[in-house]
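Examining the three-dimensional arrangement
Residue strings, one per chain:
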Amino acid sequence: MYVLTEYIVRGIQAGSIYGLLALPMSLLFATAGTIDFAVGAYALLAAAVATIVAGPLGIAIAIVAAISAAAAMGVIFLVLTRTGTRDHIVFALASFGLAVAIASFILWQFGTQAFVRASFSQFWSLGGIRISPQGVINLGLGALVTLLLYLLLYWSDLGRMMRAAAANPTGAELAGIPVARIQFGTYLAGGLLGGLAGIMILYSAGLDFTASLSLTLGGFGAAIIFGITSPLRCLLGGVAMGVAEALAAGYTSGMVTAMVPFLFVLIVLSVSNIGGGAMAGDRP
Amino acid sequence: MTGMLAATGIRMSFGGLTALKSGTIEVAAGTIIGLIGRNGSGKSTLFNCMTGYFRPKVGKITLSGRDITGLQPHRIVEQGIVRTFQTPRLDFDANARAAVLCGFYPARTSTFLGALAGLPGVRREERRLAEKADHIIERIGLGPQRDQPLGTLSMGQVRLVEVARCLAANAKFVLLDEPAAGLTREEQLVLCGQIRELAKQGIGVLLVEHNFFLIHELCERVTVLEEGAVIFVGTPGDVARDPGVLRSYLGAAAEYAGGRVAE
Amino acid sequence: MRGLTSRPNTMIVLGLAIASVALAARDPVWTDTWVIVGVYVLIALSTGISYGQAGILSMSQGAFAAVGGYTAAVSTLRFKLPPGVDLLIAAALPALLAYGLARVVTRLTALATALATLALGSVIEIGLRNMDNITGGYIGLAGIPGIGMIDTPLKYCALVWAMICVCVLMYENLVNSPFGRALNVIRHDRVRAQADGVNVPQLLSAAFAFSAAMAGSAGWLYAHYISYISPNSLDTQTSISALLMSVIGGSGIILGPLAGTVFLDVLVRHLPAQELQGMFYGGALILILILAPTGLLGLVPPLLAKFRANRGSRRTTKAARVKPEAAQ
């Protein structure tokens with residue numbers, strides 16, 4: 001019984017990282033109808049930078065680096081919209097290129113090393129269950145960010161504009177809302193949240209240069225489980241994925257555990273209506 | 001060619017809204033039938049049910065007595081029932097010939113693997129289709145514009161290309177969804193000519209329109225829908241004079257405008 | 001013979017193949033390189049078919065190639081199948097896999113398909129890495145025999161480029177058929193395709209299966225050539241590279257993926273460090289998407305048109321000077 005609970009707790013803590021990655025995914029999908037494949041790369045970049053520059057300063061620089069990379073993607077996005085690109089897939093492809101470029105940069109500069117830092121040597125014990133302090137921090141941060149994002153979206157003017165841009169970009173534009181700037185900002189948010197997630201992973205399980213796409217997929221999977229619409233659902237989705245992964249690690253083989261995020265994506269996409277767009281919108 | 005496309009008692013609801021209560025209409029081969037009604041009267045719903053895009057739970061669609069209700073859209077096309085779209089769905093970078101060639105799909109004679117292998121039958125077929133496409137384009141009067149991208153043609157010409165695509169599909173019934181929208185009076189007359197040609201060849205035409213000029217010019221019979229049910233069936237002249245129809249379109253001013261509309 | 005002149009792309013590739021293989025024969029290093037380039041061209045071509053023609057952004061072509069390669073390895077190592085027979089299975093197995101998945105994948109938009117196939121590719125990769133008794137796990141399978149008479153690198157080179165010519169021929173046949181046209185309509189507007197009488201899921205499944213078979217056959221050749229296959233040989237990285245090569249060259253154009261692969265491969269060899277490959281590919285993709293969205297080969301038709309227009313205007317002005325009265 002304790003073992004099961006321990007797995008679940010571990011899963012919840014790890015899942016908050018997925019949740020954090022899921023937030024910018026759903027934001028960008030809502031406001032621009034596309035995916036930023038480089039979110040995992042932002043996490044990787046932040047982790048790498050925080051490895052070479054120690055302490056809180058390193059973390060700060062790491063987050064700035066991640067946001068800068070995201071800003072580059074935002075600029076690419078704006079340039080593409082100027083050249084008359086209408087197809088959402090093109091933005092996604094460009095972010096793909098950036099993700100590949102960043103991963104290659106990391107490989108070049110840092111080699112194949114794993115980026116991992118031990119933060120707390122001692123584990124807490126709550127009622128006989130081992131709880132990692134870093135995990136608690138992860139969960140706390142995840143919940144805090146989700147709350148802040150929720151407040152932003154539903155209680156602020158900026159949030160209202162974002163939701164308007166998401167619901168109807170053309171209408172929002174006509175109402176004077178700077179849709180392109182909001183979309184750019186959403187990319188930046190991806191950099192911030194991805195960078196934060198990267199730091200969290202650095203101090204938990206660690207990662208290496210091959211992780212960027214898996215993280216992006218994991219974030220996407222978490223975003224779509226309960227529907228891609230709200231921050232809370234993203235966090236819950238992440239937690240669900242983390243718990244599934246932890247349970248798989250505990251009770252099944254390493255192979256199944258590694259497959260969990262990908263199976264989530266496959267199953268949810270096959271079963272739900274998300275991503276099906278054949279007759280979306282206009283009547284036949 | 002004795003054929004009849006009929007919808008009987010179609011009922012269609014979306015969530016809590018009943019868009020169509022009892023849709024009934026008949027199109028015989030070689031005739032041009034009109035379907036009119038205000039926005040929200042259910043004409044689009046009936047249209048989409050007949051072409052397989054919506055699946056009604058109540059009512060039947062039959063083709064020469066054969067039940068085709070609820071068939072997938074592509075299966076309906078295979079039965080010889082072809083439709084156009086209110087906003088033309090075409091690749092505006094392609095040219096007219098390419099657009100018309102796409103219409104030949106239902107009549108294809110090769111298999112996917114056969115096409116990959118490049119069997120001689122496929123190549124002969126391709127040549128034949130190219131000739132047929134050119135022939136059809138000449139017939140609708142767009143010969144000179146054959147190789148121009150569709151985006152450079154006028155709306156009237158684009159609508160004609162859509163009609164040509166229906167011809168390519170060897171249609172027995174052509175269902176036109178507001179084809180006159182966006183056309184000048186001259187273009188409308190050209191379109192009328194082409195639609196009459198369709199009927200002359202024995203094709204049954206269903207014309208959904210807001211433009212009463214076209215209805216008046218072409219249709220031998222008109223069905224009027226209001227709030228999901230049929231309120232009148234008759235000739236265009238009768239329709240223009242019926243008080244029920246006038247009330248539906250013009251509200252209280254109907255009695256006053258009554259005499260004028262029939263001109 | 002007359003039939004072939006209506007297949008210009010095949011003629012071009014045939015000429016290129018003959019010339020390049022002859023050139024590569026002069027130096028064993030070039031020969032080896034050209035075999036590998038050939039494998040990548042095949043995989044990029046398969047991406048071109050599924051994305052450029054059918055709009056299915058498949059990120060699992062590398063996985064299909066891996067399935068083909070492992071099939072080749074297992075059939076010849078364990079089941080001692082005669083050489084060449086395993087090609088049929090190596091092509092058929094990925095095709096079946098793709099056909100089965102297609103029901104899921106073809107419902108989705110291109111973006112969702114990319115994610116689904118990315119996930120699928122990762123699942124296949126993990127499976128291959130872990131099924132130790134069949135696939136040799138992390139270590140992979142070694143000692144894969146050759147293909148009968150094909151026993152020198154030059155023969156492999158000729159074989160792979162012959163396969164490329166056959167694939168381009170099939171691709172060109174497809175494009176010049178009702179199915180190719182229907183696929184293009186699907187890519188542009190599925191509702192329109194339905195209204196043309198196209199059974200959209202079925203046709204997309206067929207196209208996807210065809211592209212998977214092509215990738216599988218590339219894996220088959222790779223496994224026999226290198227005589228060794230591991231989970232890292234043909235993986236998600238391969239899928240990504242193939243996609244980038246295809247888009248950079250021009251995914252909608254038959255020879256686009258080929259041009260992209262050759263172009264990128266040649267340039268990558270001049271990079272100061274192998275690790276920079278990703279930065280180069282990623283940067284090239286972004287540049288192409290901004291400057292030439294239809295790919296490198298997509299720049300050709302407008303250039304040709306401009307060239308012809310210049311020549312034409314020079315001719316008409318000459319004619320006008322010669323026969324002014326004819327211009328009535």
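Reading the values: the criteria
- Residues numbered from 1 in each chain as written.
- Chains lettered and ligands numbered in written order.
- Predicted model: local features only at pLDDT ≥ 70, side-chain atom pairs only at ≥ 80, totals over all residues.
- Helix = DSSP H or I, 4+ residues; strand = E, 2+ residues; numbered from the N terminus.
- Rg over C-alpha atoms; globule rule 2.2 N^0.38 Å.
- Buried ≥ 20, exposed ≤ 12 C-beta atoms within 10 Å, placed from the backbone.
- Contact = placed C-beta atoms within 7 Å.
- Domains from an automatic or database assignment.
- Nonpolar A, V, L, I, M, F, W, Y, C, P; charged D, E, K, R; others polar.
- Pairing = 2+ DSSP bridges.
- Core = buried A, V, L, I, M, F, W, Y, C linked by C-beta atoms within 7 Å.
- Axes fitted to C-alpha atoms, helices over the stretch in contact; angles between N-to-C directions.
- Parallel < 35°, antiparallel > 145°, perpendicular 65-115°, else oblique.
- Left-handed = near helix turned anticlockwise from the far one by under 90°.

**Some thoughts on the overall build of chain C**
A tally of regular secondary structure across chain C gives 14 helices and two strands. Taken over the C-alpha trace, chain C has a radius of gyration of 22 Å; the compact-globule value for 328 residues is 20 Å, and the two agree within 12%. Counting all 328 residues of chain C, 58% fall into the buried class. Within chain C, contacts between residues at least 6 apart in sequence are counted, and of these 77% link residues at least 24 apart.

**Details of the overall build of chain B**
A tally of regular secondary structure across chain B gives 11 helices and 10 strands. With the C-alpha coordinates of chain B rotated into their principal frame, the extents come out at 65 × 40 × 35 Å. In chain B, which comprises 263 residues, the share counted as buried stands at 41%. In chain B, of all internal contacts separated by at least 6 residues, the share reaching a separation of at least 24 is 65%.

**Notes on the domain arrangement of chain C**
Each domain of chain C was delimited in the assignment, giving domain 1 (2–295) and domain 2 (299–328). On a C-alpha basis, the centroid separation for the pair domain 1 of chain C and domain 2 of chain C is 42 Å.

**Quick notes on the environment of Leu158 of chain A**
The topology assignment puts Leu158 of chain A in helix H6 (residues 157–167). In this structure the C-alpha to C-alpha distance between Leu158 of chain A and Ile182 of chain A, which are 24 residues apart in sequence, comes to 8.7 Å.

**Re the environment of Val100 of chain B**
Residues and elements named next belong to chain B. Residue placement: Val100 occurs in helix H3 (residues 96–102). Considered as a pair, Val100 and Ala168 are 68 residues apart in the sequence and their alpha carbons are 6.6 Å apart. Discounting residues that sit within four places of it in the chain, Val100 has contacts with Ala133, Ile136, Ile137, Val161, Ala164, Arg165 and Ala168.

**Here we look at the interface of chain A and chain C**
On the chain C side, the residues contacting the 41 residues of chain A number 38 residues. Of all the elements in the fold, those that place two or more residues in the side of chain A that touches chain C are helix H3 (55–82), helix H4 (88–110), helix H9 (212–225) and helix H11 (254–271) of chain A. Here the element with the most residues in the side of chain A that touches chain C is H4 of chain A; it accounts for 15 residues. When grouped by side-chain class, the residues that make up the side of chain A that touches chain C number 30 nonpolar, 11 polar and no charged.

**Some words on the pairing of strand E3 (residues 32–37) of chain B**
All names here are of chain B. The element E3 is extensively covered by neighbouring structure, given that six of its six residues are classed as buried. With burial as the criterion, each face of E3 is covered, one bearing Ile32, Gly34 and Ile36 and the other bearing Ile33, Leu35 and Gly37. By the bridge criterion, four bridges tie E3 to strand E8 (residues 204–208) in an arrangement that is parallel. Across the sheet, Ile32 pairs through a bridge with Val205, a residue of E8. In the sheet, E3 pairs with strand E9 (residues 221–226) via five bridges, with the strands oriented parallel.

**A short note on the interface of chain C and chain B**
Between chain C and chain B, the residue contacts involve 24 residues of the former and 24 residues of the latter. When residues in the side of chain C that touches chain B are grouped by element, the largest group, six residues, is from helix H8 (residues 178–188) of chain C.

**So, the nonpolar core**
Counting residues in hydrophobic clusters, the biggest one holds 294 residues, and the most contacted among them are Leu44, Leu45, Ala46 and Ile102 of chain A together with Leu207 of chain B. Looking at which element gives the most residues to this core, the answer is helix H10 (residues 200–226) of chain C, with 18 residues. Setting aside anything within four residues of it in sequence, one finds Ala46 of chain A in contact with Ala62, Ile63, Ala65, Ala66, Gly195, Gly198 and Ile199 of chain A. In this structure, Met161, Met162, Ala165 and Ile182 of chain A belong to the second largest nonpolar core, which totals seven residues.

**What about the packing of H9 of chain A against H11 of chain A?**
Residue and element names in this part refer to chain A. Direction vectors running N to C along H9 and H11 enclose 45°, while the axes themselves pass 8 Å from each other. Comparing their axes, H11 and H9 come out oblique. Classified by chirality, the crossing of H11 by H9 is left-handed. Counting all contacts with H9, which are made through Ser214, Leu217, Gly218, Phe220, Gly221, Ile224 and Ile225, the residues of H11 involved are Pro261, Phe262, Phe264, Val265 and Val268. In the contact of H9 with H11, the residues fall into nine nonpolar, three polar and no charged.

**Observations regarding the packing of helix H4 (residues 85–105) of chain C against H10 of chain C**
Residues and elements named next belong to chain C. At a closest axis distance of 7 Å, the pairing of H4 and H10 adopts a crossing angle of 145°. Taken as a pair, H4 and H10 cross one another with a handedness that is right-handed. Considered class by class, the residues forming the contact of H4 with H10 number 20 nonpolar, four polar and two charged.

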